[in-house]
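Structure at a glance
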Amino acid sequence: MTNARGNAARLGTGSRRHVSSAFRFSSALAVIFMAIAPALAENGASASAVERMSTPGHEANELARRIGKWNVVNTIWPTPGAQPIVMTGLVAERTMIGPFMQEVMRPAPGSKSRTSSG
């Protein structure tokens, strides 16, 4: 039904069905959530996701064997087939941050961090 201006005189049943469907859907989601909430609740025995992901595993233990200061010779090939650039006089300091290794490379004390080609 339309009025003299061509606008709908009242809301059609389609709009009411839409609101009703949305309400039923959200109600169903609420019921499902209430049913599974006890399974999702922490019971104190399980660790949080952050704690589980931050716990060092086998890989982190292997990386931890490589911590400390290391003398480094760094070799770089700028393009395929190019002569390598070799940098000596470097020290790598490796530390563990949680389950991750951080490596900081610097010139060794007293060195001039020489480079040579070939």
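1. Quick notes on the confidence of the model for the chain
Chain-level pLDDT for the chain is 75 on average; 64% of the residues reach the 70-or-more range. Considering each helix and strand of the chain separately, the mean pLDDT is smallest for strand β4 (residues 115-117), with a value of 53, and largest for strand β1 (residues 68-76), with 93.

2. Digging into the environment of V104
Secondary-structure assignment places V104 in strand β3 (residues 100-107). Residue V104 is classed as partly exposed on the basis of its relative accessible area of 24%. Along the backbone, V104 and A92 are 12 residues apart, and their C-alpha atoms lie at a distance of 5.5 Å. Beyond its immediate sequence surroundings of up to four residues, V104 is in contact with V91, A92 and E93.

3. A look at the pattern of salt bridges
The final tally for this structure, using the stated rule, is three salt bridges. When the shortest N-O distance is used, the salt bridge between E62 and R65 registers 3.0 Å. E62 sits in the partly exposed class, given a relative accessible area of 26%. Close ionic contact of R106 with E93 constitutes a salt bridge, the shortest N to O distance being 3.2 Å. You can see R106 sitting in strand β3 and its partner E93 sitting in strand β2 (residues 85-97), a full 13 residues away along the chain.

4. Here we look at the pairing of β2
Where a strand is regular, its side chains alternate between the two sheet faces. The pairing of β1 with β2 spans eight bridges and is antiparallel. Paired with K69 across the two strands is E93, which belongs to β2. In this structure, the hairpin formed by β2 and β3 is closed by a connection of two residues, where G98 is found at a positive phi of approximately 65 degrees.

Rules used in this analysis
Residues numbered from 1 in each chain as written. Predicted model: local features only at pLDDT ≥ 70, side-chain atom pairs only at ≥ 80, totals over all residues. Heavy atoms only, no water. pLDDT = per-residue confidence, 0-100. Helix = DSSP H or I, 4+ residues; strand = E, 2+ residues; numbered from the N terminus. Buried < 20%, exposed > 50% of the residue type's maximum accessible area, 1.4 Å probe, protein only. Contact = heavy atoms within 4.5 Å. Salt bridge = Lys/Arg side-chain N within 4 Å of Asp/Glu carboxyl O. Pairing = 2+ DSSP bridges.

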